[in-house]
Amino acid sequence: MPELPEVELVAASLQKLVSGRTISSAELRRERLAPDHAAESFRELLAGATIRVITRRGKHILFDLDNGRTLITHLRMSGRFMLLGPDREDPKYSHAVFYFGDESRLVFQDQRHFGFMRIVESPNLHDAKELKKLAPEPFGPEFTAAYLRRTLKSANRALKLVLLDQTKILGLGNIYASEAMFMAKANPKRRASSLTLKKIDALFETIRGVLAESIAHGSTLNVDPENIDGSYYGGGYESSWRVYDREGEPCIGCSARIKRVVQGGRSTYYCPVCQR
Ligand SMILES: [Zn+2]
């Protein structure tokens with residue numbers, strides 16, 4: 001499952017590759033990808049529209065169109081975009097295809113079938129149910145140390161669970177939550193409301209820090225237009241993880257063994273000595 005920095009990379013790549021292009025036709029091949037639309041209306045809502053800009057809200061990728069509509073997409077487990085020329089065949093699991101006037105096309109391919117698309121009227125975008133409940137963007141003006149203090153001080157669950165709750169804190173998945181807590185020396189099992197203000201302020205810095213570090217890494221990668229997905233972070237980036245996936249290895253701060261616990265069905269990695 002791509003985390004926020006990977007989705008940021010996909011959105012930025014799409015912006016570079018297909019913004020300004022006009023969708024001459026669109027095909028919804030697997031109706032469950034876009035449960036609110038029949039294939040015919042999917043085509044009608046998109047045909048003739050020019051893609052103005054492609055952005056991200058949480059892990060949703062938003063195609064802002066010049067016909068007053070926005071296409072909301074989510075990659076979920078395995079979705080990817082592929083910009084293909086006329087000489088290339090559609091790959092297996094091509095669930096939606098956007099044709100451009102120059103004979104190229106953007107294919108949404110999804111082996112695991114969890115991807116999602118919906119078209120909304122742009123003025124109502126902020127009311128879309130997928131986006132409405134999301135917490136403020138980690139680099140937006142509403143996400144402040146004061147916001148984080150308020151949010152954690154009023155949360156009675158374990159810190160890790162609150163950090164993963166996208167309606168409270170946006171942008172941390174399982175990897176970056178562990179990394180941010182390690183850098184702030186915050187214990188994942190501690191009740192969120194019991195953190196000191198000093199620790200919360202440290203966490204505010206490390207949440208932005210781990211995300212910024214990872215987004216910066218993504219911006220250095222060359223994305224293959226025929227394979228625009230979130231997997232570019234493999235092949236070496238794991239070696240920069242401080243605690244994630246390092247159970248039993250020595251802590252880089254104190255040499256104690258990194259522990260793994262399961263919280264909310266997912267693994268958390270932490271140093272029991274450094275993180276209090
Ligand atoms: Zn340690």
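Note that the coordinates shown come from a computational prediction; the quantities given were computed from them, not determined experimentally. (Residues numbered from 1 in each chain as written. Predicted model: local features only at pLDDT ≥ 70, side-chain atom pairs only at ≥ 80, totals over all residues. Heavy atoms only, no water.)

Engineer: Before we go on, may I ask you to explain the coordination of the zinc ion in this structure?
Structural biologist: Under perfect tetrahedral coordination by four donors, a metal shows angles of 109.5 degrees; under perfect octahedral coordination by six donors, it shows angles of 90 or 180 degrees. The protein atoms that coordinate the zinc ion are C251 (SG), C254 (SG), C271 (SG) and C274 (SG), at distances of 2.2 to 2.4 Å. Geometry at the zinc ion is tetrahedral, judged from the four donor atoms that bind it and their angles of 101 to 115° at the metal. Going along the chain, you hit the donors of the zinc ion in the pattern C-x2-C-x16-C-x2-C. Residue C251 is located in the loop between α7 (197-219) and β9 (259-263), and its partner C271 is located in the segment after β10 (266-270); the two are separated by 20 residues in the primary sequence. Each of the two residues, C251 as well as C271, counts as buried. (Donors = N, O, S within 2.8 Å, 3.2 Å for Na, K, Ca; no water. Tetrahedral: all angles 85-135°; square planar, octahedral: opposite > 155°, others 65-115°. Helix = DSSP H or I, 4+ residues; strand = E, 2+ residues; numbered from the N terminus. Buried < 20%, exposed > 50% of the residue type's maximum accessible area, 1.4 Å probe, protein only.)

Engineer: Can you help me understand the packing of helix α1 (residues 4-18) against α7 in this one?
Structural biologist: Interhelical geometry of α1 versus α7 gives an angle of 35° and a closest axis separation of 9 Å. Handedness of the crossing formed by α1 with α7: right-handed. Residues L4, P5, E8 and L9 of α1 lie in contact with α7, whose contacting residues are L211, S214, I215 and G218. Grouping the amino acids of the contact of α1 with α7 by side-chain chemistry returns five nonpolar, two polar and one charged. (Axes fitted to C-alpha atoms, helices over the stretch in contact; angles between N-to-C directions. Left-handed = near helix turned anticlockwise from the far one by under 90°. Contact = heavy atoms within 4.5 Å. Nonpolar A, V, L, I, M, F, W, Y, C, P; charged D, E, K, R; others polar.)

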